[in-house]
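Here's the letter readout for the chains.
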Amino acid sequence: MAQAATGTLYRGREGMWTWVAHRISGVLIFLFLFAHVLDTALVRVSPEAYNEVMEAYKNPIVGLAEAGLVAAVIFHALNGLRIIAVDFWAKGPRYQKQMFYAVAAGFVLLFAPFAIRHLTIVFTH
């Protein structure tokens, strides 16, 4: 009788999880850019409609989404540098785990100050 699988089927540790997160962050950034092009193009069609859309964006939900966008960009950029190092540096694969922790530390150092400042503005105005 077959034994039921426990936990996740994705057992690749740091390298595999960052692979997934890199793809997800890339798709999210792409979707934002697509929406950004559309709402910016609206100014040529109807400046009044553009102003209405910009006013609608001034709410906490969009503020949280902006923080998520910045998080995605920071992670995607730092992890992209890690991927370049793994691919093009002869010792890269050997130090993949340490570079993952460097990406995590860099992410926290860059995102935390932004998040504190941005979310303070979002929730106090």
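Residues numbered from 1 in each chain as written. Predicted model: local features only at pLDDT ≥ 70, side-chain atom pairs only at ≥ 80, totals over all residues. Heavy atoms only, no water.

Under an unreviewed UniProt entry, the protein chain has the name Succinate dehydrogenase, cytochrome b556 subunit and belongs to Pedococcus aerophilus. Regarding the protein chain, the relevant UniProt record gives this comment under Subcellular location (unreviewed entry): "Membrane". (UniProt positions renumbered as here; feature names shortened; annotations may be inferred.)

Trainee: Describe the UniProt feature "transmembrane region" (unreviewed entry) in the protein chain, and please don't skip the residues or the numbers.
Mentor: Under the local residue numbering, the UniProt record ascribes the feature "transmembrane region" (unreviewed entry) to residues 20–38, 58–78 and 99–116. For residues 20–38, the end-to-end C-alpha separation is 27 Å, with 100% helix and 0% strand making up the annotated structure. The span residues 99–116 is 100% helix and 0% strand, and its two end C-alpha atoms sit 26 Å from each other. (Helix = DSSP H or I, 4+ residues; strand = E, 2+ residues; numbered from the N terminus.)

Trainee: Got a sec to walk through the packing of helix α1 (residues 13–45) against helix α4 (residues 96–124)? Specific residues and values, please.
Mentor: Running from N to C, α1 and α4 cross one another at 50°; their axes reach a closest spacing of 9 Å. Accordingly, the angle class assigned to the pair α1 and α4 is oblique. The way α1 lies across α4 gives a crossing that is left-handed. The segment α1 lies against α4, with R13, E14, G15 and T18 engaging Q96, K97, F100 and Y101. Of the residues assigned to the contact of α1 with α4, the class counts are two nonpolar, three polar and three charged. (Axes fitted to C-alpha atoms, helices over the stretch in contact; angles between N-to-C directions. Parallel < 35°, antiparallel > 145°, perpendicular 65-115°, else oblique. Left-handed = near helix turned anticlockwise from the far one by under 90°. Contact = heavy atoms within 4.5 Å. Nonpolar A, V, L, I, M, F, W, Y, C, P; charged D, E, K, R; others polar.)

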